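A structural walkthrough
If you want the building blocks of each chain, they are given just below.
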Amino acid sequence: METRKEEPKIRIVCGTCGSDDVSRDAWGEWDVTAQNWVLRTVFDYAYCHACDSETRLEEVAVEAP
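One structure accompanies this document, and this report is about it. (Residues numbered from 1 in each chain as written. Predicted model: local features only at pLDDT ≥ 70, side-chain atom pairs only at ≥ 80, totals over all residues. Heavy atoms only, no water.)

1. Some points on the state of the cysteines
Applying the stated criterion across every chain, the model contains zero disulfides. Here Cys 17 stays unpaired: no disulfide links it, and the sulfur of Cys 51, its closest cysteine neighbor, is 3.5 Å away. A residue is classified by how much of its surface remains accessible, and Cys 17, at 42% relative accessible area, is partly exposed. Under the relative-accessibility criterion, Cys 51 is labelled partly exposed at 29%. (Disulfide = S-S within 2.5 Å. Buried < 20%, exposed > 50% of the residue type's maximum accessible area, 1.4 Å probe, protein only.)

If you want it as C-alpha cells, here you go:
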C-alpha cells in the first residue's frame, strides 16, 4: 500500500506588509444540486485590507506546531 504525502500548508499574504487579511476578485456561480455558491473563476486583482490598497500576493509556508 502506497503512503500518500500531504502537501505542505501555506498562507497567502500581502507582498508589502505580510498580513493575511487579503482578498481577490472572483466570480461565484450558484450550484442548484449543492444548493450553494461555488467558485468559478479567480482573477489577478488582489487587495490588502491592512494596507488598504492593491497588492501582490505571496505564498508562505505554515510552520508545523
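And the narrative resumes.
2. Here we look at the packing of aromatic side chains
Tallied over the full model, the rule gives two aromatic pairs. Centroid distance Trp 30 to Trp 37: 5.4 Å. Interplanar angle 75°. Geometry classified as edge-to-face. Assessed through its relative accessible area of 40%, Trp 30 is described here as partly exposed. (Phe/Tyr/Trp six-rings, centres within 6.5 Å; stacked < 30°, edge-to-face > 60°.)

3. Describing the pairing of strand β3 (residues 36-48)
Pairing between strand β2 (residues 22-31) and β3: nine bridges, direction antiparallel. In the strand pairing of β3, Trp 27 is matched with Thr 41. Between β2 and β3, which pair antiparallel and follow one another directly, the connecting turn spans four residues, one of which, Gln 35, has a positive phi of 55°. As paired strands, β3 and strand β4 (residues 53-54) are joined by two bridges and run antiparallel to one another. By the bridge assignment, Tyr 47 is partnered in β4 with Glu 54. (Pairing = 2+ DSSP bridges. Helix = DSSP H or I, 4+ residues; strand = E, 2+ residues; numbered from the N terminus.)

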